[in-house]
Amino acid sequence: MEMIERYIYAVTQKLPQAQRKDIADELRGLIEDMLEERTGGYPRKESEVEAVLLELGNPRELAEKYRGSKRYLIGPELFDSYMLILKIVLVVVAASEGISFIVQSILEPFAILDYFIDFIVSLVIGLPMAFGWTTFGFAMGELAGGIKQKDLLGKEWNPSDLPPIPDEKRRIKRSEPIVGITFYAIVLVFLAFSSEYIGVWVFKNGFTGVVPFLNEDTYGKYLLLIFLVFGFGIIKECLKLVSGKWTYKLAINTTIVNVVSMVAILFMINGPEFWNPTFMSELVNAGVVEAGTEAYDVVAKIWEQTTFWMLILLLIGLVWDAVDGFRRARKK
Amino acid sequence: MTDAREHLDKLMQELRRGTITIGVLSQLSEPQYGYSLVTLLGEKGIHVEPGTLYPLLRRLEKQGLLDSEWDTNETRPRKYYLLSKTGKEVFDLLVVEWKNIVASLDHVIGNEGDEGYGDD
């Protein structure tokens with residue numbers, strides 16, 4: 001009976017692989033039993049098969065009953081934060097792409113068609129990527145939360161376990177991580193898709209070009225690390241948003257994230273190929289400075305020391321961020 | 001009136017959900033397969049849809065209250081369910097609890113009735 005098999009298939013394909021065969025066999029037996037009762041033996045009519053299947057009901061509902069609990073990638077507890085962050089990230093990505101398209105078109109109006117194509121391409125690449133990573137991050141959070149809940153199930157709950165209402169100073173305003181996420185996302189988008197515009201802009205009777213800070217040839221290799229650093233930054237802000245207050249756990253987590261970012265940044269900036277190796281000569285060619293002058297020496301010195309000072313600044317920033325977290329977590 | 005019917009249907013659904021488990025466990029000191037259980041319970045006035053019973057049997061088995069075995073000797077293979085040792089213990093405890101609930105509710109409902117008569 002073809003329709004019976006179709007019904008069984010419709011039920012079991014929505015169930016875990018391991019249970020399918022067993023449930024299919026059992027359902028087949030059940031349907032045969034029900035048919036037999038209805039017809040009192042052979043021959044059976046198509047209409048009777050239909051009546052039996054109708055009695056069993058919608059295969060989707062039956063499968064749901066077999067599954068018992070509903071399963072989530074991102075559960076109802078995290079869903080609101082997830083939607084909020086997803087919106088921010090997608091809007092920021094789309095907006096930054098739009099802005100960089102507009103800036104490029106204003107600077108070089110003759111190439112507007114190329115830039116428009118670039119814009120579309122980067123949207124097609126960037127939006128799914130942003131969506132994917134955000135979802136991935138939250139799915140990981142959901143997974144971790146589920147494991148934690150299982151751990152806690154056996155323990156008895158006490159009213160004294162109730163967390164205290166956080167002090168004004170420990171509370172994290174929602175706007176703070178949202179601004180953070182927006183900032184990271186904007187910088188990330190520019191670094192990923194418009195890195196050639198990061199540098200010294202040269203204007204001589206209008207815009208003539210950019211002397212880039214970064215090494216265009218090796219940049220692709222570093223892109224992954226850049227994603228890592230900013231992705232971790234976004235994760236850090238998400239942790240803050242979900243937690244809503246400073247705790248030692250949150251402070252430890254942000255410290256860990258900061259250390260990972262720091263290692264990645266050290267790795268990048270210390271690599272000799274990260275910075276544009278011909279920056280100075282390009283500056284001279286663009287006519288910004290003249291070789292041999294005092295100005296040239298000053299600029300060269302600044303350029304050479306950039307790596308060092310950027311490191312120091314980043315280190316101070318990340319250490320401060322971590323210390324501040326602990327400081328605020330301690331406040332009762 | 002139809003409104004009251006709708007409410008009743010919903011509440012009855014919730015009420016049955018728990019009692020069906022007791023009914024099922026009560027019949028499984030002898031091995032039964034799903035459909036024989038539907039018939040057996042039906043004869044005793046407990047109507048249960050196969051679409052509800054089959055997943056329930058599987059859930060109880062997963063929880064360890066039932067053991068199961070496939071019988072492939074008959075014309076069509078059937079999965080037989082039987083109370084496990086734990087299942088037996090749970091059922092005995094459940095019966096005690098159920099009787100308590102019935103007694104308490106009888107008491108509550110009965111009292112309300114008495115008051116009603118008193119007002120008359």
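Residues numbered from 1 in each chain as written. Chains lettered and ligands numbered in written order. Predicted model: local features only at pLDDT ≥ 70, side-chain atom pairs only at ≥ 80, totals over all residues. Heavy atoms only, no water.

This paragraph deals with the interface of chain A and chain B. Each side of the interface is counted separately: chain A has 17 residues, and chain B has 15 residues. When chain A packs against chain B, the two sides together hide about 1600 Å² of surface, and 52% of this comes from carbon and sulfur. Put simply, chain A and chain B have six salt bridges between them. Residue aspartate 33 of chain A pairs with arginine 76 of chain B through a salt bridge whose shortest N-O separation is 2.7 Å. (Contact = heavy atoms within 4.5 Å. Buried area = accessible area lost by both parts, 1.4 Å probe. Salt bridge = Lys/Arg side-chain N within 4 Å of Asp/Glu carboxyl O.)

Within the span of helix H4 (residues 59–67) of chain A, buried status applies to Leu62, Ala63 and Tyr66 of chain A. Projection of H4 of chain A onto a plane perpendicular to its axis shows the buried side chains occupying an angular sector of 100°, all on one side. Among the exposed residues of H4 of chain A, those pointing more than 90 degrees away from its buried face are Arg60 and Glu61 of chain A. Looking at the buried residues of H4 of chain A, the elements they touch are helix H1 (2–12) and helix H2 (17–39) of chain A together with helix H3 (50–63) of chain B. For H4 of chain A, the capping residue at the N-terminal end is asparagine 58 of chain A, with a side-chain oxygen 2.9 Å from the backbone nitrogen of arginine 60 of chain A. Positive phi shows up at glycine 68 of chain A, right after H4 of chain A, with a value of about 75°. (Buried < 20%, exposed > 50% of the residue type's maximum accessible area, 1.4 Å probe, protein only. Helix = DSSP H or I, 4+ residues; strand = E, 2+ residues; numbered from the N terminus. Arc of directions from axis to C-beta. Polar contact = N/O pair within 3.5 Å; in protein donor to acceptor, adjacent residues only side chain to side chain.)

Across six bridges, strand E2 (residues 66–71) of chain B lies against strand E3 (residues 78–83) of chain B in antiparallel orientation. Bridging across to E3 of chain B, glutamate 69 of chain B finds its partner in tyrosine 80 of chain B. (Pairing = 2+ DSSP bridges.)

What follows is about the confidence of the model for chain A. Per-residue confidence for chain A gives a mean pLDDT of 81; residues scoring 70 or more make up 93%. Looking at the elements of chain A, mean pLDDT is at its lowest for strand E2 (residues 207–212) of chain A, recorded as 76, and at its highest for H1 of chain A, recorded as 89. (pLDDT = per-residue confidence, 0-100.)

Take a nonpolar patch on the surface next. All names here are of chain A. Together, Leu228, Tyr248, Ile252, Ile256, Val260 and Phe326 give the surface a local cluster of nonpolar side chains, amounting to about 490 Å² of exposed area. Considering each element in turn, the nonpolar patch owes the most residues, four residues, to helix H9 (residues 248–270). Relative to the helices and strands, isoleucine 252 is located in helix H9. Looking at isoleucine 252, the relative accessible area reads 43%, which means it is partly exposed. (Patch = residues over 30% accessible without salt bridge, like charges linked within 9 Å, V, L, I, M, F, W, Y side chains within 5 Å. Areas by Shrake-Rupley, 256 points an atom, 1.4 Å probe, with all protein chains shown as cover.)

This part is about the sheet that holds strand E1 (residues 32–33) of chain B. With respect to topology, three strands assemble into an open sheet ordered E1-E3-E2 (chain B), the strand pairing being antiparallel. Both outer strands of the open sheet, E1 and E2 of chain B, are each paired with one neighbouring strand and no more. Here two bridges tie E1 of chain B to E3 of chain B, and the two strands are oriented antiparallel to one another. Paired with tyrosine 33 of chain B across the strands is tyrosine 80 of chain B, a residue of E3 of chain B. The strands touched by H2 of chain A are E1, E2 and E3 of chain B; relative to E3 of chain B, the strand with the most contacts, the crossing angle is about 100°. Of the strands in this sheet, E2 and E3 of chain B touch H3 of chain B, which is tilted by about 55° from E3 of chain B. (Axes fitted to C-alpha atoms, helices over the stretch in contact; angles between N-to-C directions.)

Bringing a positive patch on the surface into the picture now. On the surface, a cluster of positive charge is made up of Lys14, Arg60, Arg67 and Arg71 of chain A. Within the secondary structure, arginine 67 of chain A sits in helix H4. (Lys, Arg positive; Asp, Glu negative; His and termini not counted. Charge placed at Lys NZ, Arg CZ, Asp CG, Glu CD.)

Right, let's talk about the pattern of salt bridges for a bit. Enumeration over the complete set of coordinates arrives at 18 salt bridges over all chains. For the salt bridge of lysine 79 of chain B with aspartate 22 of chain A, the shortest nitrogen-to-oxygen distance reads 2.6 Å. Here lysine 79 of chain B is found in strand E3, whereas its partner aspartate 22 of chain A is found in helix H2 on a different chain. On the accessibility criterion, aspartate 22 of chain A (23% relative accessible area) is partly exposed. Taken together, the shared-partner salt bridges connect Asp22 and Glu26 of chain A together with Arg58, Glu61 and Lys79 of chain B into one network.

This next bit is on the packing of aromatic side chains. Residue and element names in this part refer to chain A. If you walk through the whole model with that rule in mind, you get 11 aromatic pairs over all chains. With 5.3 Å between their ring centres and 70° between their planes, tyrosine 82 and phenylalanine 138 make a pair best called edge-to-face. One end of the pair, tyrosine 82, is in helix H5 (residues 76–107); the other, phenylalanine 138, is in helix H6 (residues 112–153), and 56 residues separate them in sequence. Looking at tyrosine 82, the relative accessible area reads 7%, which means it is buried. Residue class for phenylalanine 138 comes out buried when judged on its relative accessible area of 6%. Pairwise contacts between aromatic rings join Phe79, Tyr82 and Phe138 into one cluster. (Phe/Tyr/Trp six-rings, centres within 6.5 Å; stacked < 30°, edge-to-face > 60°.)

The next point concerns the packing of H2 of chain A against helix H3 (residues 46–56) of chain A. Residues and elements named next belong to chain A. Closest axis-to-axis distance for the H2/H3 pair is 10 Å, and the angle between their directions is 125°. With respect to H3, the axis of H2 lies oblique. Considering how the two elements wind past one another, H2 and H3 form a crossing that is right-handed. Contact residues: Leu30, Ile31, Met34, Leu35, Arg38 and Thr39 in H2; Glu48, Val49, Ala51, Val52, Leu53, Glu55 and Leu56 in H3. The residue inventory of the contact of H2 with H3, partitioned by class, reads nine nonpolar, one polar and three charged. (Parallel < 35°, antiparallel > 145°, perpendicular 65-115°, else oblique. Left-handed = near helix turned anticlockwise from the far one by under 90°. Nonpolar A, V, L, I, M, F, W, Y, C, P; charged D, E, K, R; others polar.)

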